[in-house]
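# A closer look at the structure
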Amino acid sequence: MAILSLQSVEKDFGIKEILKEATFSLEEGDKVGLIGTNGSGKSTLLKIIAGLEPIDGGEFWVNSGSKIVYLPQQPNLDENHTVLEQVFADCGEQMALIREYEEISHKLAHNPQESDSLMSRLSAVTQQIETLDAWALETNAKIVLSQLGIENFDAKIGDLSGGYRKRIALASGLLSEPDALLMDEPTNHLDAMSVEWLQSYLNRYSGALLLITHDRYFLDKVTNRIIEIDRGDLYTYSGNYSYFLEKKAEAEASEISSQKKHAGVLRRELEWLKRGPKARSTKQKARIDRIGEMQNKEFKQAQEKVEISTASRRIGKKVIELENINKAYGDRILIKEFTYIFNPQDRVGIIGKNGAGKSTLMNIITGRITPDSGKVDIGPTIHFGYFDQHSEDLLINEEQRVIDYLKDVAELVKTANGSVITASQMLERFLFPPNQQYAPIHKLSGGEKRRLFLLQVLMSAPNVLILDEPTNDLDVQTLGVLEEYLEEFNGCVIVVSHDRYFLDRTVDTIFALEEGGNIKQYPGNYSVYLDYKKAAEDQEKESQNQVSSQDNKKSKPPKNSQPKQSKKLTFKEKYEYEDLEEKIPLLEAEKEKLEATLYNNPPTDYSEMQTLTEQLSQLVEEIDRATERWLELAERES
């Protein structure tokens, strides 16, 4: 059944036609990824569906019984709410009952003289809570918030950063269990582990999804349909992102083939026409008319891509040297005794939980922040290009024209091949047509502003490029071109990112910021880092199992204190001994699987969580009993 439908919808902002004759529907269970270049209208389409943006033509229909929740990039939250109050704001009757239960309990504690009437009401409320299973609501909320990196549930919304607010809005949307969830860049401001958890959660989510994201791994794992917006037209691909790439390449190749075939036929027809038909028969006139139609036929040109071709300056042997760097804020240690010498061709990716100190490390490297102790030595030829995740510099004057903003850096730009072009020509290479170049910056979409800021950074010809969350708000096409540019970039690249795909494509060393300010170094990209982590975890589990086995042996009573038993095993005991040898490893494997589910991918349903926890407890007891019995039999067997 369709949840919503668009039929021949049009949307035009004057300087750009966003949608023309757009038609599609969102069905129950659909997991749709919306992609397109920055400024193509992705966010506008979500706003239309959410009822926040009017259409200029066509029809838009929503099933009256369907609940739709929209999660924008900048959510509007009540600053006076606590984290939990905000999350529960859309939970309706369940939360109202829990609040009433707490109020009655408070009154009972302070007004015992009213206990009869209050106890009667408390009993009725308790029954309603149990009927609606509302007790699980708070537990589920805390699980979701914790997985998104939020631990202080009583913090006021007004005291939190934009990144935390985005995560709280995300938790609220997930817990409200809508029929359709509209998500605009949900992975922004999440660390890699939170992104993986959200990916797993949405795989199990039963409602429909329509989401915009730059995270290509996320798109690949979550979606079952891709809709591409290309110059006002919508194109649907029934599959995930990998399927889209395959079919898109086939479609473009087919289009090129059709154009070549069309050009060949037209050329032959024009040659026939130039020779001049001797008789103007009806058949010949029809052929002439057909030639005219062929000449007027228009093919949609292949979608333009950002062209990054900026020069970088010479880089010397000495780049950046960090020696025993320490940085803390109060009792919170972010960086502890960190030493590293950057090389001219380094490709370093920096990862860690939100608040671990990634941006702080970048600011120390560039001199924006002074370390508490230690030494930062920057080479004499170094020129930084810092692509800040917040782009504050860009927002200083949003009334400034796009072309003037770029001319503040340079009016003429030297490209990688040594040629010189104007700022206007460079803007066109970054997909800013002339009519946009003379518009004020505030007319651009969020992604277009980020792309403009990236261009300004690259135009300064840096030889050390620092990218702090570069994938936030950049479209997948631009990211692909940026990845190719970084492969050829003649200088040092330092990337802070939660985007696993981008890190896999661009870095060969990982710095992992861990608790206590420790920074561990891993050779390879993000996927290699995950392999290292898994191997270390497996080794730790094996060590724990060995320690546990040794402890069991030590805890066994001395031999002479045990009842005297037969030295040899009976046939039945031997069978039991062999059976336990096979059974214990299977139980251990089952235990590891359950632990992985609970710790890495916990269920959001409270009752399911409780069931799995009980199963794990029973399994541990069974393993202990089996191991103890096996040790007893093994001693007699030997």
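Residues numbered from 1 in each chain as written. Predicted model: local features only at pLDDT ≥ 70, side-chain atom pairs only at ≥ 80, totals over all residues. Heavy atoms only, no water.

### Quick notes on the overall build of the chain
Summing up its helical and strand segments, the chain has 20 helices and 20 strands in all. Going through the 638 residues of the chain one by one, you find that 46% of them count as buried. Within the chain, counting contacts between residues at least 6 apart in sequence, those at least 24 apart form 69% of the total. Carbon together with sulfur atoms contributes 48% to the accessible area of the chain, which is approximately 33000 Å² in total. (Helix = DSSP H or I, 4+ residues; strand = E, 2+ residues; numbered from the N terminus. Buried < 20%, exposed > 50% of the residue type's maximum accessible area, 1.4 Å probe, protein only. Contact = heavy atoms within 4.5 Å. Areas by Shrake-Rupley, 256 points an atom, 1.4 Å probe, with all protein chains shown as cover.)

### Thoughts on the sheet that holds strand β4 (residues 57-62)
Strand pairing in a sheet takes place through backbone hydrogen bonds and is either antiparallel or parallel in direction. With antiparallel pairing, the three strands of this open sheet are ordered in space as β2-β1-β4. Because the sheet does not close on itself, it has two edges, and the strands there are β2 (17-27) and β4. Adjacent strand axes in the sheet meet at a mean angle of 10° when their direction is disregarded. Sheet topology note: the strand β1 (residues 2-12)/β4 ladder contains five bridges and is antiparallel. Directly across from Glu10, in β4, lies its bridge partner Gly57. (Pairing = 2+ DSSP bridges. Axes fitted to C-alpha atoms, helices over the stretch in contact; angles between N-to-C directions.)

### Let's talk about the nonpolar core
By size, the foremost hydrophobic cluster in this structure holds 52 residues, and its most contacted members are Leu174 and Leu202. With six residues, helix α6 (residues 162-175) is the single largest residue contributor to this core. When near neighbours in sequence (up to four residues on either side) are disregarded, Leu202 contacts Lys31, Leu174, Met183, Leu209, Phe218 and Val222. One finds Phe387, Leu444, Leu465 and Ala512 within the second-largest nonpolar core, a separate group that totals 46 residues. (Core = buried A, V, L, I, M, F, W, Y, C linked by side-chain atoms within 4.5 Å.)

### Quick notes on the environment of Thr223
Inspection of the secondary structure assignment puts Thr223 in the loop between α8 (216-222) and β8 (225-230). As a C-alpha pair, Thr223 and Leu34 span 189 residues in sequence and 9.7 Å in three-dimensional space. If sequence neighbours within four positions are ignored, Thr223 has contacts with Lys31, Val32, Gly33, Asn240 and Tyr241. At 2.5 Å, the side chain of Thr223 forms a polar contact with the backbone oxygen of Leu219. (Polar contact = N/O pair within 3.5 Å; in protein donor to acceptor, adjacent residues only side chain to side chain.)

### Let's talk about a negative patch on the surface
There is a patch of like negative charges on the surface, built from Glu10, Asp12, Glu17, Glu21 and Asp56. Relative to the helices and strands, Glu10 resides in strand β1. (Patch = residues over 30% accessible without salt bridge, like charges linked within 9 Å, V, L, I, M, F, W, Y side chains within 5 Å. Salt bridge = Lys/Arg side-chain N within 4 Å of Asp/Glu carboxyl O. Lys, Arg positive; Asp, Glu negative; His and termini not counted. Charge placed at Lys NZ, Arg CZ, Asp CG, Glu CD.)

### Side note on the confidence of the model for the chain
Here the chain shows a mean pLDDT of 82. Residues at 70 or above account for 84%. When the elements of the chain are averaged for pLDDT, helix α10 (residues 282-296) gives the smallest value, 67, and strand β13 (residues 373-378) the largest, 95. Note on residues 559-566: pLDDT under 50 across the span, and six contacts to partners over four residues away in sequence or across chains. (pLDDT = per-residue confidence, 0-100.)

### Focus on helix α7 (residues 192-204)
Over its 13 residues, α7 runs 19 Å from end to end, which matches the ideal 18 Å to within 8%, given 1.5 Å per residue. Within α7 the residues assigned to the buried category are Ala192, Ser194, Val195, Trp197, Leu198, Gln199, Ser200, Tyr201 and Leu202. The distance from a side-chain oxygen at the start of α7 to the backbone nitrogen of Met193 is 3.2 Å, and the residue carrying that oxygen is Asp191. (Expected span 1.5 Å × (residues − 1).)

### Let's talk about the pairing of strand β17 (residues 464-468)
Summarising burial for β17: five of the five residues are buried, a large majority. Burial along β17 is two-sided: Val464, Ile466 and Asp468 and Leu465 and Leu467, pointing in opposite directions, are all buried. Direction of pairing for strand β14 (residues 384-387) relative to β17: parallel, over a ladder of four bridges. Pairing of Tyr386 across the sheet is with Ile466, part of β17. Sheet analysis places β17 next to strand β18 (residues 492-496), joined by five bridges and oriented parallel.

### Looking at helix α15 (residues 446-459)
Note: α-helices contain 3.6 residues per turn, so residues at a spacing of three or four share the same orientation. For α15, with 14 residues, the first-to-last C-alpha span of 20 Å sits near the 20 Å given by 1.5 Å per residue. Phi for Ala461, located one or two positions after α15, is positive at around 55°.

### What to know about the pattern of salt bridges
This model, assessed by the stated rule, comprises 18 salt bridges. In this structure, Asp404 engages Arg401 in a salt bridge whose closest nitrogen and oxygen atoms are separated by 2.9 Å. Judged by relative accessible area, Asp404 falls into the partly exposed class, the value being 25%. The structure contains a network of salt bridges with shared partners spanning Arg216, Glu483, Glu487 and Arg505.

### Quick look at the sheet that holds β18
With mixed pairing, the six strands of this open sheet are ordered in space as β14-β17-β18-β12-β19-β20. Strands with a single pairing partner mark the edges of an open sheet, and in this sheet they are β14 and β20 (519-523). Strand-to-strand twist of the sheet, defined as the mean angle between neighbouring strand axes without regard to direction, takes the value 15°. Sitting on the sheet, helix α11 (residues 358-365) is in contact with β12 (347-352), β14, β17, β18, β19 (509-513) and β20, with an inclination near 140° to β12. Of the strands in this sheet, β12, β17 and β18 touch helix α16 (residues 476-488), which is tilted by about 150° from β17.

### A look at the side chain of Ser40
For Ser40, the location among the structural elements is in the loop between β3 (31-35) and α1 (42-49). Its relative accessible area of 9% is what places Ser40 among the buried residues. Side-chain polar atoms of Ser40 contact the backbone oxygen of Thr37, separated by 2.7 Å.

### Observations concerning unusual backbone geometry
One non-glycine residue, Glu185, lies in the positive phi region at around 55°. The backbone of Glu469 sits at a positive phi, close to 50°, despite the residue not being glycine. With respect to the helices, strands and loops of the structure, Glu469 is situated in the loop between β17 and α16.

### Let's talk about the packing of aromatic side chains
One pass over the structure, following the stated rule, counts 13 aromatic pairs. Measuring from ring centre to ring centre gives 5.1 Å for Tyr217 and Tyr501, while their planes differ by 70°; the resulting arrangement is edge-to-face. With Tyr217 in helix α8 and Tyr501 in helix α17 (residues 500-506), the pair connects residues that are 284 residues apart, well separated along the chain. Aromatic side chains Tyr237 and Phe244 sit 5.0 Å apart centroid to centroid with 85° between the ring planes, which places their arrangement in the edge-to-face category. Overall, the relative accessible area of 11% leaves Tyr237 in the buried class. Relative accessible area serves as the criterion here: at 4%, Phe244 is assigned to the buried category. (Phe/Tyr/Trp six-rings, centres within 6.5 Å; stacked < 30°, edge-to-face > 60°.)

### Observations concerning the side chain of Thr509
When you line up the elements, Thr509 lands in strand β19. You can call Thr509 buried: its relative accessible area is 15%. Other than its neighbours up to four places away in sequence, Thr509 contacts Arg347, Val348, Gly349, Tyr522 and Gly524.

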